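As a plain string of letters, each chain reads:
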Amino acid sequence: MSRRVYADNAATTAVSPQVLEAMLPFYTDIYGNPSSLYGLGQEAKAKLEEARETVAQCLGAKPQEIFFTSCGSESDNWAIKGCARAQLKKHGKNHIITSAFEHHAVLHTCQALEKEGFTVTYLPVHKDGLVRPQEVEAAITDKTALVTIMYANNEIGTIQPIPEIGKICRDHGVPFHTDAVQAIGNVPINVKEQDIDLLSLSGHKLHAPKGVGALYVRLGVQLQNLMDGGAQERGKRAGTENLAQIAGLAAAMKEACSTIEERVARLTPMRDKLIDGLLKIERSRLNGDREHRLPGNVHFCFQGVEGESLLLMLDMQGISASSGSACTSGSLDPSHVLLAIGLPHGVAHGSLRLSFGDYNTMEDIDYLLEVIPPIIERLRAMSPLWDSIKTGKVNYDPYM
Amino acid sequence: MAYSQKVMDHFANPRNVGEMKEYSGVGEVGNPKCGDIMRMYIKVEGDTITDVSFMTFGCGAAIATSSMATEMIKGKTIADALKLTNKAVMEALDGLPPVKVHCSVLAEQAIKAAVADYYTRQGIDPTPFVGVLTDCDHCACEA
């Protein structure tokens, strides 16, 4: 194996040395419980509030609007269930608007609320992988309790028009939540300027550890608790604070949000070179709009190729990547994101996501461009579907 | 997804892979919607399958089960080839993850489809020998 390329930063990232350093004192030194009154506890409490302030600053929020959670999924669950149930109780509102290609942490939460009696509108996603703000507006009724639209899609990397959607929701007085797990550090976010009421984020996509996240809740937005218990997080989220990881999250956020411009400037040419190179492969397709796209996201379908076998062959060449094929999802259907943008099943099975971060280099891109085309060729040479495509028995052209 | 070493070996170095130009029978099972298609070619002399090859669009397990199945029927009589079960293919591969069992069924079906085609070309009704083929046993989807 000549090289190792980690091209799955949208799945998770390594903890950075600076983040690890920021975390270590809390395991052995400042280990007090922030709820304790003595010095060691109060020292921990002060560090907790320091971390809260750092995260708030990164988002343009107030410290008291930041709540630490265990992960992005918890933040999504809390924001959506907490807000919807509060809106139902207070105003009798029982309608939620979301999009068809949200992360499962949002989609399955909405489905759970449907079982409680809520009505959910799943807005269609267009072929470019973008939600249309005017369609959000058209879906709002006097019963709408919440709009939840992701900031950037985790598979195809498309960046949604969040400020426009935020403005519409604000004008209609409807709370607006966004899952920004993929967007943090890649897109400038200011919750005040962008009219965001609730925002979910996760640490492990930004070189913080797994198991820590946060939820921004604008002052005045009513939220029912998800986790009852002690008075932590101002009585809204019980459980002794995971201070080491919270400190890690804050350090990672500070680094990620203060270097967005550099990151975008460094990753964009890498991304574009890879896209241009892969588009030279016959019957390949870039999924998602090219312009409104995360700087580190490349997502392709290759006709006649199945995603899991592609991933296995890449792994044998030292490359870690992901796919939306059914075989990698553990279900019979390929990714709901790819189906939502209108790809037929047979094409969606042949998808490949390559996602890059701070530790990738242009040499990684060159290596991928060297390794991927022959793998596609090899898999196609043994693919009866490719044979059928070449002989015109199967035709996916309308979609490509 | 944990594959056995044998599965990975047959995936990385598939046996009897590729199109066969002159064959006695060919069968194709599965469909693109489900994400796996197997095509099996056989060459028959007398009662014996003297050569076999496959083409597969599918996951690692689909490619490995196709490869293993071809090895298991090469040089065998048609009657013996028809006795090959998906379970035997799985055992020969030191097992498959539960969600991949259908791949081995597909391999068994692909052999039957190739034999059925052979019989049909001979002007013989294949049904008494191979039974009714289920193209895609693991789901009810259409191509």
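No experiment lies behind these values; they were computed from the predicted model shown. (Residues numbered from 1 in each chain as written. Chains lettered and ligands numbered in written order. Predicted model: local features only at pLDDT ≥ 70, side-chain atom pairs only at ≥ 80, totals over all residues. Heavy atoms only, no water.)

**Student:** Can you walk me through the overall build of chain B in this structure?
**Tutor:** Across its full length, chain B holds six helices and three strands. Listing each helix as α and each strand as β along chain B from the N terminus yields α-β-β-β-α-α-α-α-α. Considered along the principal axes of its C-alpha atoms, chain B spans approximately 45 × 30 × 25 Å. Carbon together with sulfur atoms contributes 50% to the accessible area of chain B, which is approximately 6000 Å² in total. (Helix = DSSP H or I, 4+ residues; strand = E, 2+ residues; numbered from the N terminus. Areas by Shrake-Rupley, 256 points an atom, 1.4 Å probe, with all protein chains shown as cover.)

**Student:** Honestly, the layout of surface pockets in this entry has me stumped. Any pointers?
**Tutor:** Residues and elements named next belong to chain A. When its volume is computed, the largest pocket comes out at roughly 470 Å³. At the level of elements, α1 (17–23), α9 (243–258) and α10 (260–279) are the ones that each hand at least two residues to the lining of the largest pocket. Taken together, the residues of the lining of the largest pocket sort by class into ten nonpolar, 15 polar and six charged. (1 Å grid on protein atoms, 1.4 Å probe; cavity = no way out; pocket = protein on both sides within 12 Å on 5 of 7 lines; lining within 4 Å. Points joined across faces, edges and corners; volume = space filled by probe spheres on them. Nonpolar A, V, L, I, M, F, W, Y, C, P; charged D, E, K, R; others polar.)

**Student:** Where do I start with empty space enclosed by the protein in this structure?
**Tutor:** Sizing a probe to match a water molecule and rolling it over the atoms shows the empty space that remains. Per the stated rule, a full pass over the model turns up one cavity of 30 Å³ or more. Of the voids in this model, the largest cavity is the one considered here, and its volume is about 40 Å³. In this structure, the largest cavity is lined by G304(A), V305(A), E306(A), S309(A), L379(A), M382(A), T56(B), F57(B), G58(B) and I63(B). Its residues assigned to classes, the lining of the largest cavity comprises five nonpolar, four polar and one charged.

**Student:** Could you clarify how one ought to interpret the confidence of the model for chain B in this entry?
**Tutor:** Residue and element names in this part refer to chain B. Per-residue pLDDT for chain B has a mean of 91; in total, 92% of the residues score no lower than 70. Mean pLDDT across the elements of chain B bottoms out in helix α6 (residues 127–130) (89) and peaks in strand β3 (residues 48–57) (98). Counted against residues more than four places away or in other chains, residues 137–143, with its pLDDT under 50, gives 15 contacts. If you check the scores for this complex, the pTM reads 0.94 and the ipTM reads 0.93. (pLDDT = per-residue confidence, 0-100. Contact = heavy atoms within 4.5 Å.)

**Student:** Is there a simple way to think about the interface of chain B and chain A in this case?
**Tutor:** On the side of chain A, 23 residues touch chain B, which itself brings 25 residues to the contact. Of all residues in chain B, F11(B), K33(B) and F57(B) give up the largest surface area on contact with chain A, accounting jointly for 27% of the area buried on that side. The interface formed by chain B and chain A holds two salt bridges in total. One salt bridge connects E308(A) with K100(B), and the closest N-O pair in it is separated by 2.6 Å. Residues that form the side of chain B that touches chain A fall into these classes: 16 nonpolar, five polar and four charged. (Buried area = accessible area lost by both parts, 1.4 Å probe. Salt bridge = Lys/Arg side-chain N within 4 Å of Asp/Glu carboxyl O.)

**Student:** What is the right way to look at the packing of α10(A) against helix α15 (residues 362–381) of chain A in this model?
**Tutor:** Helix-helix packing is described using two parameters, namely the angle between the two axes and the distance between the axes. Residue and element names in this part refer to chain A. Direction vectors running N to C along α10 and α15 enclose 10°, while the axes themselves pass 9 Å from each other. By the criterion of interaxial angle, the relationship of α10 to α15 is roughly parallel. The residues of α15 that touch α10, namely those facing P269, M270, K273, L274, G277 and L278, are M362, I365, D366, L368, L369 and I372. Residues belonging to the contact of α10 with α15 are distributed by class as follows: nine nonpolar, one polar and two charged. (Axes fitted to C-alpha atoms, helices over the stretch in contact; angles between N-to-C directions. Parallel < 35°, antiparallel > 145°, perpendicular 65-115°, else oblique.)

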